[in-house]
Amino acid sequence: MTGNNIQLDKSGNLKHFLSIEGLDQPLLQTILDHAESFATVGERPVKKVPLLRGKTIANLFFEPSTRTRTTFELAAKRLSADILNLNISTMATSKGEILSDTLHTLEAMHCDMFVVRHANSGAAHYIASQVAQHISVINAGDGRHEHPTQAMLDMFTIRQHKKDFKKLSVAIVGDVLHSRVARSNIHALNVLGANQVRIIGPHTLIPKDIEKLGVHVYHEMDKGLENVDVVIMLRLQRERMKGALLPTENEYFQRYGLTNERLENAKSDVIVMHPGPINRGVEIDSDVADGEHSVILQQVSHGIAIRMAIMSMVMGGTSESGGIKN
Amino acid sequence: MNKEINIESLIDNMANEIRTHCEDLKYKKPLMIGIQRGGVWVATRLHHKLGYKDPLGELNIAFYRDDFSKIGVHPEVKPSKLSTNIDDRDVILVDDVLHTGRTIRAAMNEIFDFGRPASISLVILIERSGRELPIQADVIGKTITLKQGEHAKLSGPEPMALEIKKTG
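Rules used in this analysis
- Residues numbered from 1 in each chain as written.
- Chains lettered and ligands numbered in written order.
- Predicted model: local features only at pLDDT ≥ 70, side-chain atom pairs only at ≥ 80, totals over all residues.
- Heavy atoms only, no water.
- Helix = DSSP H or I, 4+ residues; strand = E, 2+ residues; numbered from the N terminus.
- Rg over C-alpha atoms; globule rule 2.2 N^0.38 Å.
- Buried < 20%, exposed > 50% of the residue type's maximum accessible area, 1.4 Å probe, protein only.
- Contact = heavy atoms within 4.5 Å.
- Areas by Shrake-Rupley, 256 points an atom, 1.4 Å probe, with all protein chains shown as cover.
- Polar contact = N/O pair within 3.5 Å; in protein donor to acceptor, adjacent residues only side chain to side chain.
- Expected span 1.5 Å × (residues − 1).
- Phe/Tyr/Trp six-rings, centres within 6.5 Å; stacked < 30°, edge-to-face > 60°.
- Lys NZ or Arg CZ within 6 Å of the ring centre and 35° of its normal.
- Pairing = 2+ DSSP bridges.
- Axes fitted to C-alpha atoms, helices over the stretch in contact; angles between N-to-C directions.
- Salt bridge = Lys/Arg side-chain N within 4 Å of Asp/Glu carboxyl O.
- Domains from an automatic or database assignment.
- Buried area = accessible area lost by both parts, 1.4 Å probe.
- 1 Å grid on protein atoms, 1.4 Å probe; cavity = no way out; pocket = protein on both sides within 12 Å on 5 of 7 lines; lining within 4 Å.
- Points joined across faces, edges and corners; volume = space filled by probe spheres on them.
- Nonpolar A, V, L, I, M, F, W, Y, C, P; charged D, E, K, R; others polar.

Q: When you look at the overall build of chain A in this model, what are you seeing that I'm missing?
A: Of the regular secondary structure elements, chain A holds 11 helices and 9 strands. Scaling as 2.2 N^0.38, a compact globule of 326 residues should have a C-alpha radius of gyration of about 20 Å, and chain A matches this with 19 Å. Viewed in the frame of its principal axes, chain A has a C-alpha envelope of about 55 × 55 × 40 Å. In chain A, which comprises 326 residues, the proportion classed as buried is 58%. Put simply, 74% of the contacts in chain A that link residues at least 6 apart link residues at least 24 apart. Accessible area for chain A stands at about 13500 Å²; split by element, carbon and sulfur atoms hold 48% of it.

Next up, the structure:
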């Protein structure tokens, strides 16, 4: 692994969690293994472990989010950390305070970790490069760049159902252009050695250079879904659309909406995932979202376990970066 | 330096002592819990010898350690398995080596997050010096004396053997 990776400390332990790109397979496997243990905490009478007792975590959300913010909050609470929820868009920055002053103010409050969601790509990296030495930064989504904790919870969900990544064909469907989830998932599937990663969507919503990431591009649903083990649906990001990239939502659903009929093309034990929130009747039919192949609600529970694992790894650092077992 | 401690005969003696201990204290249905990993190996044998009906509990104290900020998440964390309700039960907690006592403190904290046992007794295969907390075992397989810088570690599970290593 590269020595100047800002995500790792001198001994190769996870210090910040900013992007899947730049992390190696043993590290991702370690995160998944740890999440397996943390997943059991939610089933106990006392849903709490004292690992991050006395640590203060600030949720810095420069962009609105419900699911990601609440699962980070719940993960922090289950680790016994104290958490501050800061909705920056309505805070000091709107009074004219510059970002670095906001960060230094939070440092002065003795925060130990920042969880950052921002509309600009690279925001979490920038903040990680600016903060005091003792602070860890976790990227909760930055612009169109990455959403690495979402990718890890998706990988965790896949591993729970499919075990071996090397045999899997995975299709990522929809608005890849605006999707940080897609980007992180492609990197994660590549690192974990998935057999084939396919991208399905209209020309206008597929980035031009995406094939450089080793994916296969399809513009027809039926063909793209043929024999896949996993379908990852993406939300149609209407709020990010600028210009006429799409005809109408109805027409989009006709061509790229996931229905049970289309799902017939995939393997019989296919799992269907979606990062939420779902646009029913736009990218996915209700019968599929609520159907037997859907693991969408499991993804939410897994999100808590994955975030517990990552938060505890950046705060304590693992004693081995590679998660070698003996 | 291997003084060839016969683990099997220690475990036989311990099983008898646990039986007496439970009779003396009138524990009708003791519930055995081992601490991963070595404690579970020892507990598996004791559990079998004593013929307990409730499944053996397995505790992973990684989330309760007090050295987390120094060494981080233990690389071998595996989930704790406690399938039986522990409220009002007499818990027999088993570990391989008793040294500082910090592992036992962490284990007791974790047990209380699963419920409120009536009592906890401590069973230890190897007791050594170096306690940093007021914790002592009720049943001990063997007490050994170590020189400064020496550490005792149980290897296993099949066969179990005690390794004395010089560290740092």
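And the narrative resumes.
Q: Explain the side chain of Ser65(A) here, please?
A: On the secondary structure map, Ser65(A) appears in the loop between β1 (56–61) and α2 (67–78). Engagement of the side chain of Ser65(A) in a polar contact is seen with the backbone nitrogen of Arg69(A), the distance being 3.3 Å.

Q: Help me understand helix α6 (residues 180–191) of chain A, please; the structure alone is not making it clear to me.
A: Side chains that are three or four residues apart share a direction in an α-helix, a result of its 3.6 residues per turn. Residues and elements named next belong to chain A. Compared with the 16 Å implied by 1.5 Å per residue over 12 residues, the 17 Å span of α6 between its first and last C-alpha is a close match. Burial within α6 is extensive, with 9 of its 12 residues counted as buried. The set of residues buried in α6 consists of Arg180, Val181, Ala182, Ser184, Asn185, Ile186, His187, Ala188 and Leu189. Sitting at the head of α6, Ser179 places a side-chain oxygen 3.3 Å from the backbone nitrogen of Val181. Where α6 terminates, the next one or two residues include Gly193, which has phi positive at roughly 80°.

Q: Is there a simple way to think about the packing of aromatic side chains in this case?
A: Geometrically, a pair of aromatic rings is defined through the distance of the ring centres and the angle of the planes. Residue and element names in this part refer to chain A. A full pass over the atoms with the stated rule returns 2 aromatic pairs over all chains. The interplanar angle of 35° and the centroid separation of 5.7 Å between the aromatic rings of Tyr252 and Tyr256 together place this pair among those described as tilted. Of this pair, Tyr252 and Tyr256 both sit in helix α8 (residues 249–256), 4 residues apart, which is roughly one turn of the helix. Given a relative accessible area of 3%, Tyr256 falls into the buried group. It is Arg307 that lies over the ring of Phe72; its NZ or CZ is 4.8 Å from the centre.

Q: What should I look at first to understand the sheet that holds strand β9 (residues 271–273) of chain A in this one?
A: Strand pairing within a sheet occurs via backbone hydrogen bonds; the two strands may be parallel or antiparallel. Residues and elements named next belong to chain A. Strand order in the open sheet formed by 5 strands is β7-β6-β5-β8-β9, with parallel pairing between adjacent strands. A single partner strand is all that each edge strand has here, and the edge strands are β7 (216–218) and β9. Shown here is a sheet whose adjacent strand axes are inclined to one another by a mean of 20°, direction ignored. Across 5 bridges, the pairing between strand β5 (residues 169–173) and strand β6 (residues 196–200) is parallel. Bridging across to β6, Ile172 finds its partner in Ile199. Packing of helix α5 (residues 148–162) onto the sheet brings it into contact with β8 (230–233) and β9, and relative to β9 it is tilted by some 170°.

Q: Hey, could you run me through the pattern of salt bridges in this one?
A: Two side chains bearing opposite charge may form a pair once their charged atoms approach each other closely. Per the counting criterion, the structure on display carries 22 salt bridges over all chains. A salt bridge links Arg117(A) to Glu63(A); the shortest N-O distance between them is 3.9 Å. In this pair, Arg117(A) sits in strand β3 (residues 113–118) while Glu63(A) sits in the loop between β1 and α2, placing the two residues 54 residues apart along the sequence. A residue is classified by how much of its surface remains accessible, and Glu63(A), at 11% relative accessible area, is buried. Salt-bridge contacts for Asp67(B) lead to Arg65(B); the nearest nitrogen and oxygen are separated by 2.9 Å. Because the salt bridges share partners, they merge into one network encompassing Asp33(A), Glu36(A) and Arg159(A).

Q: I would appreciate a short explanation of the domain arrangement of chain A in the present structure.
A: By a frequent convention, interface size equals the accessible area lost on bringing the separate parts together. Residue and element names in this part refer to chain A. Assigned domains of chain A: these are domain 1 (25–147 + 301–316) and domain 2 (148–297). The C-alpha centroid of domain 2 is placed 26 Å from the C-alpha centroid of domain 1. With 28 residues of domain 1 at the contact, the number on the domain 2 side is 28 residues. Each partner contributes to the roughly 2500 Å² buried at the junction of domain 1 and domain 2, and carbon and sulfur atoms together form 56% of this total. Per-residue buried area on domain 1 facing domain 2 is highest for Arg144, His147 and His302; these three make up 29% of the total on that side. The partner of Glu36 in a salt bridge is Arg159, with the nearest N and O atoms 2.7 Å apart. Run the count over domain 1 and domain 2 and you get 18 residue pairs in polar contact (both at pLDDT 80 or more).

Q: How do you make sense of the sheet that holds β1(A) when you look at a structure like this?
A: Residue and element names in this part refer to chain A. Strand order in the open sheet formed by 4 strands is β2-β1-β3-β4, and the pairing between neighbours is parallel. On the outer flanks of this sheet lie β2 (82–87) and β4 (136–142), each paired with one strand and no other. Recorded for the sheet is a direction-independent mean angle of 15° between the axes of neighbouring strands. As judged from the 5 bridges shared by β1 and β3, these two strands associate in the parallel manner.

Q: Looking at this structure, I do not really get empty space enclosed by the protein. What am I missing?
A: Over the atoms, a rolled probe matching the size of one water molecule traces out where space is still vacant. All names here are of chain A. Enumeration over the complete set of coordinates arrives at 2 cavities of 30 Å³ or more. One number sums up the size of the largest cavity: a volume of about 90 Å³. Residue lining of the largest cavity: Arg67, Thr68, Thr71, Gln150, Leu153, His274, Pro275, Ile296, Gln299, Val300, Gly303 and Arg307, and that is the complete set. Among the secondary structure elements, those contributing two or more residues to the lining of the largest cavity are α2, α5 and α11 (296–316). Top element by residues in the lining of the largest cavity is α11. It accounts for 5 residues. Taken together, the residues that form the lining of the largest cavity break down as 4 nonpolar, 6 polar and 2 charged. Both domains that meet at the lining of the largest cavity, namely domain 1 (25–147 + 301–316) and domain 2 (148–297), each give it at least three residues.

Q: What should I look at first to understand α2(A) in this one?
A: Residues and elements named next belong to chain A. Relative to the 16 Å expected for 12 residues at 1.5 Å per residue, α2 spans 16 Å between its end C-alpha atoms, a close match to the ideal helical length. Taken residue by residue, α2 has Thr68, Thr71, Phe72, Glu73, Ala75, Ala76 and Arg78 as its buried positions. Elements in contact with the buried residues of α2: β1, β2, β3, β4, α5 and α11. Backbone geometry just downstream of α2 places Ser80 in the positive-phi region, at approximately 70°.

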